[in-house]
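Results of the structural survey
Each chain, letter by letter, is given below.
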Amino acid sequence: MAATSTEIAIHVSDLNYTYPDGTVALEQVSFEIERGESVALVGPNGAGKSTLLLHLNGILHSRKSRGAIEILGDPIDPKKVHEMPKKIGIVFQDPDDMLFMPLLGDDVAFGPINLGVEKVEVKRRVAASLERVGLAGYENRVSHHLSGGEKKRAAIATVLSMEPEIIAMDEPTANLDPKSRAELIEILKTLKSEGKTLIIVTHDVNAIPELADRVIVLHRTIVADGTTREVFSDTEMLLAAGLEVPTIMQFFEVLQAFGYPCNVLPLSIEGAVSNLTETIENGDGHIHLHIHEHTHSEVDLARSKYQHHHHAARMRDIYNESETGAAH
Amino acid sequence: MISEIDRYASLPSPIHRWDPRFRLVSIFTLIFSVVLLYNLQLVVTGMISAIILVYISKIPFSFVLSRMKLVFIFVLPFFIIIPFTLTNTGLEIASFGGITVSYRGPESVEFAAMIVLKALTAVMLIFPMIGTSRMDITIKALEGLHLPNKLVQMFAFTYRYIFVLDDEFTRTDRALTSRGFKKRGNLYTLTTISKAIAMLFVKSYERADRVFYAMRSKGYAGTIATLHEFHAGRQDWINAAFVVGFAILLQVAATFDAFGTSGTFGGL
Amino acid sequence: MVHISDGVLAEWLWGGGWAVTAVILAYALSKMRNEDVPRLSVITAAVFVSSLVHISVGPTSVHFILNGFAGVMLGILAYPCIFVALVLQCFLFGHGGVTTIGINAVNMGVPALIAYLIFKTGAGRGIGPETKNRASLFGAIAGGVAVVLALLFLAAELLTTGEEFLETTVLVVSTHIPIIAVEAIFTGVIVGFIATVEPELFRR
């Protein structure tokens, strides 16, 4: 393990990347992540999130990106990419890309063998990693025959076996059924509680409050970077970036229109429970909701605030008005 | 869609227990030995040895036969056509529209039979050779036999992605069918399928890039090792000695026969 | 495409096939970079899967061979792809023969290399959406020629082995004539498609 004294896990300063076909993927990207932090990386499709992840272990690099990234205090040497997994492991979005060996056990052993780990230790790590993702005893399974949820967890095991301090994941909860999604979130929460530094690329806003302390919004460049609450409070920015806030947050804003007293909108079910408990205790065992003549228009207002098609319609109205204005 | 030859890889048989490295080399030798024979009796002996090996391996004969259909379809024309000729060199048996069909004689029937039997024996021997352990273990055995590492990697990855791409192509095929596409013998069918396959290739290149990134992310620097270890015991050597010994015996018998008087069809 | 089964050809032919294959394979493997391995494997898998697609032409059913296409896209590295595909076809389906893997690789692989030369010479370097038709045309020629050559190799080998094979050769070659057209059209369409969608792939 790279035991460094620095408290900074990932340091990115002024990272730029242009695809060979000329498309600009990343522009002046700068951020820092401390050790033990858990960060959600969000952004619309094609915002450069996956491209950014592939830069973090040096797989993608260009002259412009030289020296822009430091992992655990050291700049990335493009010639030593094969040594990077000791520090940072990346879980790809499509597990079929990560499970390329015929047997799952070989896939999980692949990383540690490449890192020169002793055979006995590799075996221990394979068994331990599979157990941590709930696939104990799956060493001799054929990857092709696993279910979608199992494949996602297996892909995580292939990274855990390398025991990196930092783990970056590309949409770990995408395309999963609710049970598999819940299992995956549990695995991520455990990793977080163990003090791993996590970067989670996701569109799953409802999972973010449980998994991340901080959210970075990427849209070619860093659009926002702050605590989960700060970022989710900036509705305009989120809408412009094509994103949304957790459903619970929207629901409590609707409750406000019905007269629910609430200064800080909860982000998760847990937050909602404590918020309700507190409000009911303060209200002598009751909460009071009511309807008055403006209630429903306030509800509509609260809802449309978060809805993209409303947003789009509003933009269209504005556009049409200016069009007709010009015609007169 | 792709049925697997290793469907019966987990049966309990002496051949299944045989170290795959020894099994591959030994049966491979036997196949070569049978193919090199030019004596019908010895070829039949080889075929019987193949049947015995399949029997010992407990792989159902119905499975073996169903898989031998393709070879049979390929070699059957030989059997039918070789004994006859369109030239006037043989015994004329029919003539229509100026074309004469003549019979080459009994030697040509023996020759044709030998070709068919050899081809069938070779394919039949693939089952005890490959079908008695899982394909991935077989591929590892190739590595154990010191084939070039890059070639073994290609076998392993190709075998893995055949199934992924087969699924992908099946999805494309269903998408075409659900929009009313029907395969017919016309240009439209051909160009449509060509484009579907072209798309499969473009996607495959993209996937290949991602797989390579994933491998690099896991520290890949050119070679691949696995934890699998083969342990050869006394029984593995005995089995090998038995099968390879039989292969050599066939060749010895063939050599003596070459000096003998029996009417072989050698040298053709 | 019919692959030659065991026991048909003279020993020196299939033995020579192994020798030629060993030499070309060794050369191709020495040219192969690490990053080529997953790419070639995925392409080999794609060739393998595509060759399972059957289309009925007249009374017969044909399937893609794709050796010309593999040559056009991969150059010398098409040879290991074809070799791996043939071995897997033999092992998975009992298709072709065991002793004849070498000669079958020659029959498919050498025409693939010639197809590559034809395409490289004809279509030039700057393949892109603008030069799509030219690429398509030479792709079709390369694809057709690859099959013609494969058939010629097969015929020559059968006839060298013995004059008993004359009628068989005529039969095999004549039944495969539609495949020449199918493969030419296929390779032309697919090369045109890639030239439009992802011309970068020709420059790998």
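All values reported here derive from a predicted model rather than from experimental measurement.

Moving on, we get to the overall build of chain A. Of the regular secondary structure elements, chain A holds 13 helices and ten strands. Here chain A, with 328 residues, has 40% of them falling under the buried criterion. Restricting to contacts in chain A with at least 6 residues of sequence separation, those with at least 24 account for 65%.

Across chain A, pLDDT averages 87, with 92% of residues at or above 70. No element of chain A has a lower mean pLDDT than helix 13 (residues 308-327) of chain A, at 59, and none a higher one than strand 8 (residues 197-201) of chain A, at 96.

Residues and elements named next belong to chain A. Domain parsing of chain A yields domain 1 (8-239) and domain 2 (247-327). If you average the C-alpha positions of domain 1 and of domain 2, the two centres end up 34 Å apart. Residue-level contacts link eight residues of domain 1 with nine residues of domain 2. Contributing elements (two or more residues each) for the side of domain 1 that touches domain 2: helix 7 (208-211), helix 8 (228-233) and helix 9 (235-240). In terms of residues, the side of domain 1 that touches domain 2 owes the most to one element, helix 8, which gives three residues. Its residues placed into classes, the side of domain 1 that touches domain 2 shows three nonpolar, three polar and two charged.

On to the interface of chain B and chain A, then. How big an interface is tends to be stated in terms of accessible area lost as the parts join. Contacts between the two partners involve 24 residues from chain B, matched on the other side by 29 residues from chain A. Of all the secondary structure elements, the ones that give two or more residues to the side of chain B that touches chain A are helix 6 (135-144), helix 7 (149-178) and helix 8 (187-217) of chain B. Per-element tally for the side of chain B that touches chain A: the top contributor is helix 8 of chain B, with eight residues. Grouping the constituent residues of the side of chain B that touches chain A by class yields 15 nonpolar, three polar and six charged.

All names here are of chain C. Running from amino to carboxyl end, helix 2 (residues 36-50) crosses helix 4 (residues 78-93) at an angle of 50 degrees, the nearest separation of the two axes being 9 Å. Relative to helix 4, the element helix 2 is oriented oblique. Seen along the crossing, helix 2 lies across helix 4 with a hand that is right-handed. When helix 2 is examined against helix 4, the residues Leu 40, Ile 43, Thr 44, Val 47 and Phe 48 are found in contact with a partner set consisting of Pro 80, Cys 81, Val 84, Ala 85 and Leu 88. Grouping the amino acids of the contact of helix 2 with helix 4 by side-chain chemistry returns nine nonpolar, one polar and no charged.

Locating Ser10(B) in the fold gives a position in the segment before helix 1 (14-17). A sequence separation of 131 residues divides Ser10(B) from Ala141(B), and the C-alpha atoms of the two residues are 17 Å apart.

As a further point, take the pairing of strand 8 of chain A. Residue and element names in this part refer to chain A. Across the five residues of strand 8, five count as buried, placing the element largely inside the fold. Every second residue of strand 8 is oriented toward a common face, with Thr 197, Ile 199 and Val 201 on one face and Leu 198 and Ile 200 on the other, all of them buried. In terms of strand pairing, strand 3 (residues 38-42) meets strand 8 through four bridges, oriented parallel. The residue bridging Ala 40 from the neighbouring strand is Ile 200, located in strand 8. Direction of pairing for strand 7 (residues 166-170) relative to strand 8: parallel, over a ladder of five bridges. The residue bridging Ile 166 from the neighbouring strand is Thr 197, located in strand 8. At this point the chain moves from strand 7, through helix 6 (residues 178-193), to the parallel strand 8, and the crossover so formed is right-handed.

The next subject is unusual backbone geometry. Look at Asp284(A): it is not a glycine, yet its phi comes out positive at around 55 degrees. Relative to the helices and strands, Asp284(A) resides in the loop between helix 11 (269-282) and helix 12 (295-306). On the basis of neighbour count, Asp284(A) is assigned to the exposed category, with 6 C-beta atoms found within 10 Å. Positioned with a positive phi, His146(B) is a non-glycine residue whose angle comes to about 65 degrees.

Counting contacts across all two pairs of chains found in contact, the highest total belongs to chains B and C. Nothing in chain A touches chain C; the tightest C-alpha to C-alpha distance between them is still 9 Å.

Let us look at the interface of chain C and chain B. Between chain C and chain B, the residue contacts involve 54 residues of the former and 62 residues of the latter. Of all the secondary structure elements, the ones that give two or more residues to the side of chain C that touches chain B are helix 1 (11-31), helix 2, strand 1 (54-57), helix 4 and helix 7 (166-197) of chain C. Ranked by the residues each element gives to the side of chain C that touches chain B, the list is headed by helix 2 of chain C, at 13 residues. Split by residue class, the side of chain C that touches chain B holds 33 nonpolar, 14 polar and seven charged.

Adjacent strands of a sheet form backbone hydrogen bonds with each other and so pair up, either parallel or antiparallel. All names here are of chain A. Strand order in the open sheet formed by six strands is 6-7-8-3-9-10, and the pairing between neighbours is mixed. Edge strands, defined here as strands with exactly one partner in the open sheet, are strand 6 (88-91) and strand 10 (221-227). Averaged over all pairs of adjacent strands, the angle between their axes in this sheet comes to 15 degrees, without regard to strand direction. Pairing geometry for strand 6 and strand 7, over four bridges, is parallel. Paired with Gly 89 across the two strands is Ile 167, which belongs to strand 7. Of the strands in this sheet, strand 3, strand 6, strand 7, strand 8 and strand 9 (214-219) touch helix 1 (residues 49-56), which is tilted by about 155 degrees from strand 7. Across the sheet, helix 6 lies against strand 3, strand 7 and strand 8, angled at about 150 degrees from strand 8, the strand it touches most.

The rules we used
- Residues numbered from 1 in each chain as written.
- Chains lettered and ligands numbered in written order.
- Predicted model: local features only at pLDDT ≥ 70, side-chain atom pairs only at ≥ 80, totals over all residues.
- Helix = DSSP H or I, 4+ residues; strand = E, 2+ residues; numbered from the N terminus.
- Buried ≥ 20, exposed ≤ 12 C-beta atoms within 10 Å, placed from the backbone.
- Contact = placed C-beta atoms within 7 Å.
- pLDDT = per-residue confidence, 0-100.
- Domains from an automatic or database assignment.
- Nonpolar A, V, L, I, M, F, W, Y, C, P; charged D, E, K, R; others polar.
- Axes fitted to C-alpha atoms, helices over the stretch in contact; angles between N-to-C directions.
- Parallel < 35°, antiparallel > 145°, perpendicular 65-115°, else oblique.
- Left-handed = near helix turned anticlockwise from the far one by under 90°.
- Pairing = 2+ DSSP bridges.
- Right-handed = clockwise from strand over helix to strand, strands pointing away.

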